[in-house]
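The residues making up each chain are set out below.
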Amino acid sequence: MSNTENSGTPRAAAVFFEQVATQILEQHAHALPDLRELVIILPNYHVAVPLAQHLARAANLPALLLPQMVTINDWAESVPLTQSITPDTCRATTLYQALREREWFPGADLWGISSELLGLLDELTKHHVPLPQSEEDFLQQLERAYQAKRNAAMQFEARVVHELWYAMSASGELDAARAYQQRLALLAQQAKSPLIVLLTSDFSRLEMRFLQAYGEQATVNMIDLRVLSAQQENCALLHAALGPSAREKNHQRRDDNADDVHAEVLSLRAQAQRLHAQFPQAALGSRLRLFAAHGLEQEARAAEVQVRRWLLAGKTSIAIVAQDRLAARRVRALLERAEVQVRDETGWILSTMAVSTVLMRWLDALQSDFYYQDMLDLLKSPYMFADQPPAERKQMVYQLEQLLRKHGAVAHLEVFFELAQNEAPELGSPLARLRQAADELGKKSSTIHGWLLALERSLNILGVYAGLAADAAGEKLLQAVHTWQQELATDSTRFSRAEWRHWLALQLDAITWRDSSIDSPVLLTHLAATRWRKFDAVLLLGCDAAHLPSADKAAVWFNDAVRDTLGLPVRAVYRAQQRDDLLCLLALNDTVLATWQASKSGEANLLSPYLEILRGLHQLAYGDDLAETELAALLDNAQVRNAAAALPAAASMPQPVAPQSLIPQRISASGYNSLVACPYQYYARHVLHLNELDEVREGIEKRDFGDWVHQILHRFHSQYIEYNKLLINIGKAGLEQALHDISAEVFAQALQRDYWARAWLLRWQQSIPAYIDAQLKSEAEGWRYQNGEVPFELPLTEDLQMRGRIDRIDVQAEASHVVRVLDYKTQEARVLVNKLKQAGEDVQLPFYAHVFEATEAAFISIEKNKVLMVEPPQDVARLAHANIERLKLVFAQMREGVPLPANGVDAVCAYCEMRGLCRKVEWK
Ligand code: SF4
């Protein structure tokens with residue numbers, strides 16, 4: 001479809017702009033070439049350039065002084081007022097205080113209610129709705145509207161709205177809605193410039209009154225795209241489906257009722273025949289297509305591919321009109337993967353951005369007394385400690401995280417301080433910054449102004465301020481904080497930190513940030529922002545019945561009947577606006593693809609009722625249901641593959657080759673075990689280093705228990721050597737007591753922290769007599785404890801070193817070169833026997849045996865009241881040799897580029913943290 005005229009303006013749009021230009025020039029021919037007296041009210045500033053171009057072309061004069069082109073809001077804004085405007089932040093705090101004093105909503109979200117009420121009060125102002133003087137009269141009005149007898153809920157609603165409306169009005173303050181009203185009134189009083197208004201949908205009642213008043217003093221001309229397009233043959237079908245007459249019918253049915261829509265389509269048969277006969281050129285097939293997708297992914301893929309096709313065809317202005325934000329996010333991600341940038345006109349809500357997250361995490365950390373997850377989230381923000389060199393900052397954050405995780409420190413800044421003092425004194429400084437910053441926000445209550453100042457100071461201490469100031473979105477946030485500070489400087493209402501935090505979250509929700517640094521032919525926008533705009537191509541995304549018309553926010557106060565009685569716009573008004581916008585978008589643009597998910601999770605999903613009628617009518621009139629049929633077949637071939645993506649294709653087992661530079665130079669027994677269990681797991685954990693850091697255990701886990709048992713036994717054996725001799729001096733009871741005492745010391749800290757530590761201690765204490773027995777038995781067999789917790793590093797080949805720590809080494813009393821390596825396990829002997837059954841399946845013992853040239857090796861199974869030695873059934877020296885040779889071979893192969901397949905067995909996969917990465921569920 002080549003629907004672009006020579007100037008680059010889509011042909012359909014050019015027709016309308018020419019008409020508008022001609023009309024303006026005809027009406028103001030007497031003033032030419034100076035049109036500066038004239039004011040044109042635009043729906044947005046994107047319209048200004050094409051309109052100016054068409055005016056200049058149509059005037060065909062050496063020079064043309066252009067009219068003033070402005071949006072109604074900006075025009076009103078230019079009118080000075082003597083009274084200053086009370087910002088909404090102040091109104092909200094006044095309302096909050098009023099609600100708090102009246103105790104109408106105990107335990108409810110008062111900020112949320114305040115904001116809804118403010119919205120309602122503004123609507124009442126905006127639509128010139130006066131409330132009756134007395135609450136009783138208002139109640140009667142509600143009774144009539146609800147067509148119900150008064151009840152407690154109605155009385156309450158009437159009381160809240162009435163009382164607050166008068167309370168807020170009585171203050172005599174000027175709010176933004178009233179200021180707008182006053183400014184428009186002043187503009188109307190001073191009217192002298194002729195006015196032209198470009199419309200696609202109706203103005204609010206307030207604005208219409210203004211135009212009426214203005215029209216009494218000066219000329220006002222409305223140029224309505226709905227009217228202009230109705231005169232175009234190629235828009236005849238659009239109007240039949242979406243125009244004013246169709247709107248009337250639409251008024252009488254519910255938009256989302258499929259049966260009604262279907263019935264309406266059938267009733268259009270006669271109309272369709274007329275259309276076909278009267279307007280053979282009104283078929284839309286070359287301008288509009290509808291793509292029915294199976295689910296979100298296909299819709300997003302189709303949109304992405306279509307946008308890329310348009311770009312390849314040389315289109316330089318492509319709009320993605322996002323009815324469904326979820327689909328839009330996916331399309332945007334796909335386009336970015338294909339290296340197509342998207343200019344987002346709708347912007348990001350500030351509260352969803354990292355700049356706000358750091359603020360909220362900081363307040364969360366304070367609120368939770370530095371709960372480790374809040375703390376770690378906070379520390380990982382790139383804005384945290386941004387005044388330090390990045391490498392230093394990362395190292396410090398890493399160290400702090402390690403420390404927290406190592407000790408399972410769940411919360412409390414002072415606990416972190418203590419740990420740092422003993423193990424990482426260099427962390428003292430960042431922790432001190434956190435403490436100092438926390439002190440700034442340590443008050444119980446303050447004014448919002450006070451809280452904001454304290455916040456700013458704390459952010460300065462944390463280096464967050466510097467980070468935010470260096471970022472465009474951060475800058476916007478800091479500006480907002482300053483604005484709120486100024487606005488609320490004199491407000492003396494006091495709030496707790498939790499109340500203020502909630503306020504802050506709502507404020508951040510209300511700010512949108514647009515990234516103006518992106519310049520791209522692809523634009524993400526919304527339907528209302530397309531008024532009078534022309535694009536080379538338009539992709540209407542998410543056009544199902546749930547998103548077009550979009551669901552309006554349910555009115556919390558008053559239902560439609562009451563709103564109608566009061567004179568407030570009802571839902572149908574908002575829907576009609578969207579329908580008008582859609583009509584005009586389709587009239588103005590001649591390359592449009594509308595997509596929707598015809599099925600969602602296997603369930604049928606209806607097309608937008610507006611498009612359904614359009615499609616039905618088109619089918620009846622021109623025998624074409626407007627279905628886009630080419631795109632689906634293109635999707636697979638058009639797949640963009642990201643060469644850098646390490647993720648495997650979902651359909652097959654991943655078997656990556658380890659890059660030479662990343663092949664590890666050191667290996668531990670557990671690393672080797674992982675390599676044997678699943679090469680891909682080893683690749684992910686040890687080549688890519690994706691292994692998770694230790695989780696902080698909020699409760700005590702088996703792993704902690706194992707660690708404590710290791711510590712206890714190491715201390716016990718280091719202090720008491722040769723138990724057979726000790727037996728004579730202190731007896732078995734004395735040995736057991738010694739082990740009990742050490743155990744109590746090791747468990748002491750955990751007992752303070754966690755109630756469940758006692759259960760684990762009792763469990764271990766059950767094993768003590770059996771452990772002493774096992775030790776005495778071992779000594780009776782000639783073994784003597786030699787050393788414990790021994791670290792080692794042993795070169796295996798030129799570029800591979802074995803490293804680790806052995807739990808314990810015993811030697812024969814009579815022949816100290818006869819070595820036995822031992823590993824403590826708090827597992828049942830049966831499990832360990834199974835592990836060792838198959839030679840080479842568990843490599844831990846052979847690994848240690850090789851390092852310490854041991855001829856014997858065993859696990860010591862410690863489980864409740866049983867302590868057993870579990871040895872491999874094979875000859876240990878030979879087993880060690882074979883395992884080490886295999887290790888060398890596997891590494892040599894890895895260096896030669898042999899792939900590392902994800903071939904773990906189910907028992908291994910069940911505990912593997914790389915499941916999400918290898919995506920076994922998708923290919924097995
Ligand atoms: S889930 Fe199984 S196959 Fe996948 S990496 Fe882990 S062990 Fe290997």
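Above: the structure in question.
Residues numbered from 1 in each chain as written. Predicted model: local features only at pLDDT ≥ 70, side-chain atom pairs only at ≥ 80, totals over all residues. Heavy atoms only, no water.

Draft legend 1. Examining helix H18 (residues 372-379) more closely. Extensive coverage of H18 is indicated by the burial of 6 of its 8 residues. Of the residues making up H18, those classed as buried are Tyr 372, Asp 374, Met 375, Leu 376, Leu 378 and Leu 379. Lining the buried residues of H18 we find helix H17 (354-367), helix H19 (390-407), helix H20 (413-423) and helix H21 (428-440). (Buried < 20%, exposed > 50% of the residue type's maximum accessible area, 1.4 Å probe, protein only. Helix = DSSP H or I, 4+ residues; strand = E, 2+ residues; numbered from the N terminus. Contact = heavy atoms within 4.5 Å.)

Draft legend 2. Representation of the nonpolar core in the model. Ranked by size, the top nonpolar core spans 97 residues in total, and within it Trp 362, Leu 434 and Leu 504 carry the most contacts. By size, the runner-up hydrophobic cluster in this structure holds 67 residues, among which are Ala 241, Leu 268, Leu 290 and Ala 594. (Core = buried A, V, L, I, M, F, W, Y, C linked by side-chain atoms within 4.5 Å.)

Draft legend 3. Representation of the environment of Ala 748 in the model. Relative to the assigned elements, Ala 748 resides in helix H33 (residues 723-753). By relative accessible area, Ala 748 is classed as partly exposed at 36%. Considered as a pair, Ala 748 and Leu 761 are 13 residues apart in the sequence and their alpha carbons are 9.9 Å apart.

Draft legend 4. Inspection of helix H8 (residues 176-189) at higher detail. Compared with the 20 Å implied by 1.5 Å per residue over 14 residues, the 20 Å span of H8 between its first and last C-alpha is a close match. Taken residue by residue, H8 has Ala 177, Ala 179, Tyr 180, Gln 181, Arg 183, Leu 184, Leu 187 and Ala 188 as its buried positions. On its buried face, H8 sits against helix H3 (72-77), helix H5 (110-126) and helix H9 (205-215). The backbone nitrogen of Ala 177 has a side-chain oxygen 3.1 Å away, supplied by the residue at the start of H8, namely Asp 175. (Expected span 1.5 Å × (residues − 1). Polar contact = N/O pair within 3.5 Å; in protein donor to acceptor, adjacent residues only side chain to side chain.)

Draft legend 5. Structural detail: the site of the ligand. For the ligand, the full set of nearby residues is Cys 678, Tyr 680, Gln 681, Ala 902, Gly 904, Val 908, Cys 909, Cys 912, Arg 915, Cys 918 and Lys 920. One can see that the ligand is located within the largest cavity. Among the elements of the structure, helix H31 (679-687), helix H38 (906-909) and helix H39 (915-918) are those that each provide at least two residues to the shell around the ligand. Taken together, the residues that form the shell around the ligand break down as 7 nonpolar, 2 polar and 2 charged. (Near = heavy atom within 4 Å. 1 Å grid on protein atoms, 1.4 Å probe; cavity = no way out; pocket = protein on both sides within 12 Å on 5 of 7 lines; lining within 4 Å. Sits in = over half its atoms within 2 Å of the grid points. Nonpolar A, V, L, I, M, F, W, Y, C, P; charged D, E, K, R; others polar.)

Draft legend 6. Structural context of the pairing of strand E12 (residues 522-525). Burial of the side chains of E12 extends over both faces: Val 522 and Leu 524 are buried on one face and Leu 523 and Thr 525 on the other. With 4 bridges connecting them, strand E6 (residues 318-322) and E12 associate as parallel partners. Within the sheet, the bridge partner assigned to Ile 320 lies in E12 and is Leu 524. Taken together, the 2 bridges between strand E7 (residues 343-344) and E12 define a ladder with parallel strand orientation. Bridging across to E12, Arg 343 finds its partner in Leu 523. (Pairing = 2+ DSSP bridges.)

Draft legend 7. Focus on empty space enclosed by the protein. Summed over the entire model, instances satisfying the criterion amount to 3 cavities of 30 Å³ or more. Estimated volume of the largest cavity: approximately 80 Å³. Cys 678, Tyr 680, Gln 681, Ala 902, Asn 903, Gly 904, Val 908, Cys 909, Cys 912, Met 914, Arg 915 and Cys 918 together form the lining of the largest cavity. Elements with a contribution of two residues or more to the lining of the largest cavity: H31, H38 and H39. (Points joined across faces, edges and corners; volume = space filled by probe spheres on them.)

Draft legend 8. Looking closely at the packing of aromatic side chains. Summed over all chains, the structure comprises 21 aromatic pairs. Measuring from centroid to centroid gives 5.7 Å for Trp 75 and Tyr 214, while their planes differ by 50 degrees, and the two rings are tilted. Of this pair, Trp 75 sits in helix H3 while Tyr 214 sits in helix H9; the two residues are 139 residues apart in sequence, bridging distant segments of the chain. Neither Trp 75 nor Tyr 214 differs from the other in exposure class; each is buried. Through a chain of ring-to-ring contacts, the aromatic side chains of Tyr 672, Phe 792, Phe 847, Tyr 848 and Phe 852 assemble into a single cluster. Positioned above the aromatic ring of Phe 417, the side-chain terminus of Arg 435 is 3.8 Å from the ring centre. (Phe/Tyr/Trp six-rings, centres within 6.5 Å; stacked < 30°, edge-to-face > 60°. Lys NZ or Arg CZ within 6 Å of the ring centre and 35° of its normal.)

Draft legend 9. A look at the side chain of His 162. Along the chain, His 162 turns up in helix H7 (residues 152-170). Excluding anything up to four places from it in sequence, His 162 contacts Leu 131, Pro 132, Gln 133, Ser 134, Glu 135 and Phe 138.

Draft legend 10. Main features of the pattern of salt bridges. This model, assessed by the stated rule, comprises 44 salt bridges. Residues Arg 178 and Asp 175 are paired through a salt bridge, measuring 3.4 Å at the closest nitrogen-oxygen approach. A residue is classified by how much of its surface remains accessible, and Asp 175, at 7% relative accessible area, is buried. Salt-bridge contacts for Arg 301 lead to Glu 304; the nearest nitrogen and oxygen are separated by 2.7 Å. Residue Arg 301 and its partner Glu 304 are located together in helix H15 (residues 295-312), separated by 3 residues, close to a single helical turn. Neither residue differs from the other here; Arg 301 and Glu 304 are each classed as buried. Shared partners join several salt bridges into a network, and the residues in it are Asp 88, Arg 91, Asp 122, Asp 175 and Arg 178. (Salt bridge = Lys/Arg side-chain N within 4 Å of Asp/Glu carboxyl O.)

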